[in-house]
Amino acid sequence: MHYKIGDEPVPGYRLETCLGAGNYGLVWKAAGPDAAAYAVKVITIDRKAGVRELKAVAALARITHPNLVPIAGVWLKDHNGTLYTEAEADAAPLQIGKTKHLFIATPLADGSLAARLADCRKRGLAGVPFPELIRYVEDAARGLDHLHLPTSDYGDGPGAIVHAEVKPTNLLT
């Protein structure tokens, strides 16, 4: 399943521009059901783990913190094109080796720390001005601290979540 501008791979989210590719898939700018701009990440899954990943991301969607990007929606599309929400995931007839797509919708951020660094360098600066950089790092630390609280319950009982992709492209401005 390949997507293009104008497609609506999940209800209410119309793809407008491909923003780029990451380690796990493509990220699209999409117009959401409320006409606001969203980032829709399309992750290709070629193993039976799709339901587990859908449930894990859906658990993350229940987390709210001012320094974490909220998740607006999570869906799994099987190799036949059938779309499942977390509530329907256990009914998904997934087959090993059959390609599936996991969709994650979040509000679109203004940019990333990596993009801000590139902008600063284009303007002849050595990097992001220190006071501004410290604000971004402190905000990220507050969000990560919240994820690491061992007393939080994200669906499987009390525990902590470890973010494995802390990098400038994932720190949003």
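A quick note: this is a predicted structure, and the numbers were derived from the prediction, not measured. (Residues numbered from 1 in each chain as written. Predicted model: local features only at pLDDT ≥ 70, side-chain atom pairs only at ≥ 80, totals over all residues. Heavy atoms only, no water.)

A. Region of interest: the overall build of the chain. The helix and strand tally for the chain stands at three helices and six strands. When the helices and strands of the chain are listed from N to C terminus, the series reads β-β-β-α-β-β-β-α-α. For the chain, the residues scored as buried account for 33% of the 173 residues in total. Of the contacts formed within the chain by residues at least 6 apart in sequence, a portion of 53% connects residues at least 24 apart. (Helix = DSSP H or I, 4+ residues; strand = E, 2+ residues; numbered from the N terminus. Buried < 20%, exposed > 50% of the residue type's maximum accessible area, 1.4 Å probe, protein only. Contact = heavy atoms within 4.5 Å.)

B. Expanded view of helix α3 (residues 130–147). Taking 1.5 Å of rise per residue, 18 residues should cover 26 Å, and α3 covers 26 Å from first to last C-alpha, within 8% of that figure. If you check which residues of α3 are buried, you get Glu132, Tyr136, Ala140, Gly143 and Leu147. Taken end-on, α3 shows its buried residues confined to a sector of 65 degrees, consistent with a single buried face. In α3, the exposed residues that point more than 90 degrees away from the buried face are Phe130, Pro131 and Asp145. Elements that come into contact with the buried residues of α3 comprise α2 (113–122). (Expected span 1.5 Å × (residues − 1). Arc of directions from axis to C-beta.)

C. Summary view of the packing of aromatic side chains. The final tally for this structure, using the stated rule, is three aromatic pairs. Centre to centre, the rings of Tyr13 and Tyr38 are 5.3 Å apart; their planes meet at 85 degrees, and the pair counts as edge-to-face. Of this pair, Tyr13 sits in the segment before β1 (14–21) while Tyr38 sits in strand β3 (residues 37–45), and the two are 25 residues apart along the sequence. Comparing Tyr13 with Tyr38 shows no difference in burial state: the two are buried. Taken together, the ring pairs in this structure connect Tyr13, Tyr38 and Trp75 into an aromatic cluster. (Phe/Tyr/Trp six-rings, centres within 6.5 Å; stacked < 30°, edge-to-face > 60°.)

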